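# Structural features, examined
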Amino acid sequence: MYIDTHCHLSKNDYENIETVIENAKENNVSYLIISGCDKENIKESIEIANKHDNIYLALGYHPSEVKTTTDLDLLELKEIIKNNNKVVAVGEIGLDYHWDKDNKEEQKTLFKKQLDLAKELNLPVVIHSRDAFQDTFDILKESKNFGVIHCFSGNLDNAKMYLSIGFYLGIGGVLTFKNTNLKETVKEIPLDRILLETDSPYLAPTPHRGEQNEPKYIPLIAEELATCKGVEISEIEEVTTENAHKIFTLRSANKID
Ligand SMILES: [Zn+2]
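Attention in this report is confined to the structure presented alongside it. (Residues numbered from 1 in each chain as written. Predicted model: local features only at pLDDT ≥ 70, side-chain atom pairs only at ≥ 80, totals over all residues. Heavy atoms only, no water.)

For strand 3 (residues 55-59), a buried count of 5 out of 5 residues is recorded, marking the element as mostly surrounded by other parts of the structure. On strand 3, burial covers both faces: Ile55, Leu57 and Leu59 on one face and Tyr56 and Ala58 on the other are all buried. Pairing of strand 2 (residues 29-36) with strand 3 involves 5 bridges; the strand directions are parallel. The residue of strand 3 that forms the bridge with Ile33 is Tyr56. Of the crossover connections in this fold, the one passing from strand 2 over helix 2 (residues 39-51) to the parallel strand 3 is right-handed. With 3 bridges connecting them, strand 3 and strand 4 (residues 87-96) associate as parallel partners. Residue Leu59 lies in a different strand from strand 4, and its bridge partner there is Val90. (Buried < 20%, exposed > 50% of the residue type's maximum accessible area, 1.4 Å probe, protein only. Helix = DSSP H or I, 4+ residues; strand = E, 2+ residues; numbered from the N terminus. Pairing = 2+ DSSP bridges. Right-handed = clockwise from strand over helix to strand, strands pointing away.)

This is the structure in structure tokens:
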């Protein structure tokens, strides 16, 4: 069985969320960690996780929320997390200089506050970093949090640097795209530091590229990773699931051994 360690579920994206969850189960994707990263979606994600034993939460404010996120919001987030044992991480949080270049300092401040929150709550962090490698790395190196670089698509040097400070790398649909250097990069990343994720509804893997993504496509990413690494897909399944359990505490009545 697989775990989709990073995806988003919202009525704004899916006609029927229950179907998406069923489809995942039918395709051997037994657990989902859904990320709520704006005010509305945090609430929505909690409601979904409350209804489903196999769904866990990563909650935090995405860098795109920097203009509207207040200190009071962060205090509320802390209370929400403390009172919900389905929350297994703070995220996705980080830096995005692709869309927003004019507020780098504000982004860094929000990022650091949430890194502190994760440390206080002793939770891993799920990191979003786009066109912002150096600043992300410098901040993480200094802060000494632990967690995963979600949707990693950087070069081998970037990968090695993140690994050197103990981070895991989340690998998603980009790996299946035709002209990506990621195929070469993952060959050099130890399998015991890789997590599988879809980032649904974005970044659907080949042959569904451009369509709406779903957690059910995790096996397609696993298959590509098996090819890159020259190992059986069963090894990918086993090791990446083990890795997810090492980072995230998936407390559940029917927890898998
Ligand atoms: Zn995401």
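With that settled, consider the coordination of the zinc ion. His6 (NE2), His8 (NE2), Glu92 (OE) and Asp199 (OD) make up the full set of protein donors to the zinc ion, lying at 2.1 to 2.3 Å. Within one chain, the residues donating to the zinc ion are spaced in sequence as H-x1-H-x83-E-x106-D. Residues His6 and His8 agree in their burial class; the two are buried. (Donors = N, O, S within 2.8 Å, 3.2 Å for Na, K, Ca; no water.)

Okay, the state of the cysteines next. Considering all chains together, one arrives at 0 disulfides under this definition. Looking at Cys7, it has no disulfide partner, and the nearest cysteine sulfur is the one in Cys37, 11 Å off. The class of Cys7 is buried, set by a relative accessible area of 0%. Of all cysteine sulfurs, the one in Cys151 lies closest to Cys228, which takes part in no disulfide; the gap is 15 Å. For Cys228, a relative accessible area of 12% gives the class buried. (Disulfide = S-S within 2.5 Å.)

This part is about the environment of Leu182. On the secondary structure map, Leu182 appears in helix 7 (residues 182-188). According to the relative accessible area criterion, Leu182 is buried, its value standing at 2%. Ignoring sequence-local partners within four residues, the contact set of Leu182 consists of Phe152, Ser153, Gly154, Ile171, Val174 and Leu175. (Contact = heavy atoms within 4.5 Å.)

As a further point, take unusual backbone geometry. Glycine aside, a negative phi is what most residues show, and trans is what most peptide bonds show. In this model, Gly91 is joined to Glu92 through a cis peptide bond whose omega is 5°. Relative to the assigned elements, Glu92 resides in strand 4. Residue Ser200 is joined to Pro201 through a cis peptide bond whose omega torsion reads 5°. Residue Asp131 is not a glycine yet carries a positive backbone phi of 50°. Using a relative accessible area of 55% as the deciding quantity, one classes Asp131 as exposed. In this model, Leu203 sits at a positive phi of 55°, which is unusual for a non-glycine residue. For Leu203, a relative accessible area of 32% corresponds to the partly exposed category.

Overall, the coordinates contain 11 salt bridges when judged by the stated rule. Lys25 is the salt-bridge partner of Glu22, the closest N and O atoms lying 3.9 Å from each other. You can see Glu22 and its partner Lys25 sitting in helix 1 (residues 17-26), 3 residues apart, about one turn around the helix. Relative accessible area serves as the criterion here: at 38%, Glu22 is assigned to the partly exposed category. If you follow the salt bridges from partner to partner, you end up with Glu105, Lys108 and Asp135 in one network. (Salt bridge = Lys/Arg side-chain N within 4 Å of Asp/Glu carboxyl O.)

Attention now moves to the packing of helix 5 (residues 133-143) against helix 6 (residues 156-164). At a minimum axis separation of 10 Å, helix 5 and helix 6 run at an interaxial angle of 15°. Between helix 5 and helix 6, the angle falls in the class roughly parallel. For the crossing formed where helix 5 meets helix 6, the hand is left-handed. In contact with Phe133, Gln134, Thr136, Phe137 and Leu140 of helix 5, helix 6 contributes Asn158, Met161, Tyr162 and Ser164. Residues of the contact of helix 5 with helix 6, tallied by class, amount to 5 nonpolar, 4 polar and no charged. (Axes fitted to C-alpha atoms, helices over the stretch in contact; angles between N-to-C directions. Parallel < 35°, antiparallel > 145°, perpendicular 65-115°, else oblique. Left-handed = near helix turned anticlockwise from the far one by under 90°. Nonpolar A, V, L, I, M, F, W, Y, C, P; charged D, E, K, R; others polar.)

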